[in-house]
Amino acid sequence: MFISGFLVKPRSSKNGVYKTQSAGNQRHKSSLVGTSETTRATTYPKSFCEWLAGIIDGDGTIQVSKEGYTSLEITMGLEDLPLLRYIQHMLGGSIKMRSGAKAYRYRLHNQLGMIKLMNCINGHVRHSARLLQLHRVCQVHDIPVILPITLDAQSNWFAGFFDADGTICIAMKHQLPQLSIRVTNKLLQDVESYKVVFGGIIYFDSSQNGYYQWSVQSRKDVIMMLDYFKSSTFRSHKSRRFFLIEEYYSLYDLKAFKPDSIHHKAWLAFLDKWNKLMIESTFLLFIRLY
């Protein structure tokens, strides 16, 4: 058959995976791309695999070294060490503090662990750059690549990607507090799924070399995200603010944010609790080049 102008001939390997080789260059191989869930073999729960794929899409990188060894790296701020510990508990690997940076780096590089990882996240990874990385690693391990499925409001991928690239904040606009939930990325297509499933808007910010930001601000859209939060598992430090959204709206309805309100002390106590739950970390918030 012809693929991209090259004559290729499929051949079956011992493990049933098909390999193809170019007639012009026998050193390069291509891997089978599939869409069926029957090609997946994993020992991890689907919910974990979806969430982990979201984390990797946002904060991870999957690599093949010059020597042909594969590895996974995930870098997150100091406050998300428990999240990385959870991944280490599930996958193995190691965690080290990055030299000169307020961040930890998780790393997995043993062959068996990488094969299990590929079978776990295959079909769930969808970030433009990460999907290419996945394909290269799957080639090394002779694993057919599964194309990402369409996301819906039950997918735990949104939780993982939020844990990596999302934030919840309150800002004052025209003397009124405005709560918003946001997710940022360098590429438009990598935040579009949030708008399709949860509504909201996407805009381009030219700072930080340019990035796209999805956000929801209306009460209806925020509550929809809160309902999703209650049915999914978030693990980042910033996700703790979801627990305060209902209290925020209760105090907002009382106009407790006004200095002359009899409930203003309750508002100030709420803000203190809100700020203590999350130390704003700008180290990994907007810089998502790859």
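Residues numbered from 1 in each chain as written. Predicted model: local features only at pLDDT ≥ 70, side-chain atom pairs only at ≥ 80, totals over all residues. Heavy atoms only, no water.

Please explain the pairing of strand S9 (residues 103-108) as it appears in this structure.
Residues in a regular strand point their side chains to alternate faces of the sheet. Strand direction decides the pairing type here: strand S7 (residues 70-77) and S9, joined by 6 bridges, are antiparallel. Paired with Thr75 across the bridge in S9 is Arg105. Both strand S8 (residues 94-97) and S9 contribute to a ladder of 4 bridges, which runs antiparallel. Following the sheet pairing, Lys96 is matched in S9 by Arg105. What sits between the antiparallel neighbours S8 and S9 is a turn of 5 residues, in which Gly100 has the positive phi angle 75°. (Pairing = 2+ DSSP bridges. Helix = DSSP H or I, 4+ residues; strand = E, 2+ residues; numbered from the N terminus.)

Sorry, what's going on with the sheet that holds strand S6 (residues 60-64) here?
The pairing of strands in a sheet happens through backbone hydrogen bonds and is either parallel or antiparallel. Sheet architecture is open: 4 strands sit in the order S6-S7-S9-S8, paired in antiparallel fashion. In this open sheet, the two edge strands, each paired with only one partner strand, are S6 and S8. Adjacent strand axes in the sheet meet at a mean angle of 25°, parallel and antiparallel pairs treated alike. In the packing of helix H3 (residues 111-121) onto the sheet, the strands contacted are S6, S7 and S9, and the crossing angle to S7 comes to about 70°. (Axes fitted to C-alpha atoms, helices over the stretch in contact; angles between N-to-C directions. Contact = heavy atoms within 4.5 Å.)

What is the right way to read helix H9 (residues 264-277) from this model?
Since one α-helical turn is 3.6 residues long, residues separated by three or four positions face the same way. Its 14 residues give H9 an end-to-end C-alpha distance of 20 Å, which sits within 8% of 20 Å, the value for a rise of 1.5 Å per residue. Every buried residue belonging to H9 is among His264, Trp267, Phe270 and Trp274, and all of these are buried. Seen end-on, H9 carries its buried residues on one side only, within an arc spanning 110°. Exposed residues on H9 whose side chains face more than 90 degrees from its buried face are Lys265 and Lys276. On its buried face, H9 is in contact with strand S11 (166-173), strand S12 (176-185) and helix H8 (245-253). (Expected span 1.5 Å × (residues − 1). Buried < 20%, exposed > 50% of the residue type's maximum accessible area, 1.4 Å probe, protein only. Arc of directions from axis to C-beta.)

Which parts of the structure should I look at to understand the state of the cysteines?
Note on terminology: disulfide describes a covalent bond linking the sulfur atoms of two cysteines. Taken as a whole, this structure holds 1 disulfide when the rule is applied. With its sulfur 2.4 Å from that of its partner, Cys49 forms a disulfide with Cys120. When the S-S torsion is -120°, as for the bridge of Cys49 with Cys120, the disulfide is left-handed. Highlighted residues: Cys49 in helix H1 (residues 46-59) and Cys120 in helix H3, separated in sequence by 71 residues. Residue Cys49 shares its accessibility class with Cys120, and that shared class is buried. (Disulfide = S-S within 2.5 Å.)

Looking at this structure, how should I read unusual backbone geometry?
Glycine aside, the phi torsion of most residues is negative, and most peptide linkages are trans. Not every positive phi belongs to a glycine, and Asp142 is a case in point at roughly 55°. Take Asp142: it is sitting in the loop between helix H4 (128-140) and strand S10 (145-146). Residue classification places Asp142 among the buried positions, given a relative accessible area of 19%.

Where do I start with the side chain of Ser215 in this structure?
Inspection of the secondary structure puts Ser215 in strand S14 (residues 211-216). Once you skip the residues sitting within four places of it in the chain, Ser215 turns out to touch Ile181, Arg182, Gly200 and Ile201.

Just checking my understanding: could you explain the pattern of salt bridges for this structure?
Two side chains of opposite charge can pair, provided their charged atoms sit close to one another. Here the structure, examined in full by the defined rule, presents 7 salt bridges. The residue Lys230 makes a salt bridge to Glu246 at a minimum N-O spacing of 2.8 Å. Here Lys230 is found in helix H7 (residues 219-231), whereas its partner Glu246 is found in helix H8, with 16 residues between them in sequence. For Lys230, a relative accessible area of 53% puts it in the exposed group. Overall, the relative accessible area of 45% leaves Glu246 in the partly exposed class. We note a salt bridge from Lys276 to Asp272, for which the minimum N-O separation is 3.4 Å. With Lys276 and Asp272 both in helix H9, this residue pair falls 4 residues apart, about one helical turn. Each of Glu73, Arg105 and Arg107 takes part in one network of salt bridges that share partners. (Salt bridge = Lys/Arg side-chain N within 4 Å of Asp/Glu carboxyl O.)

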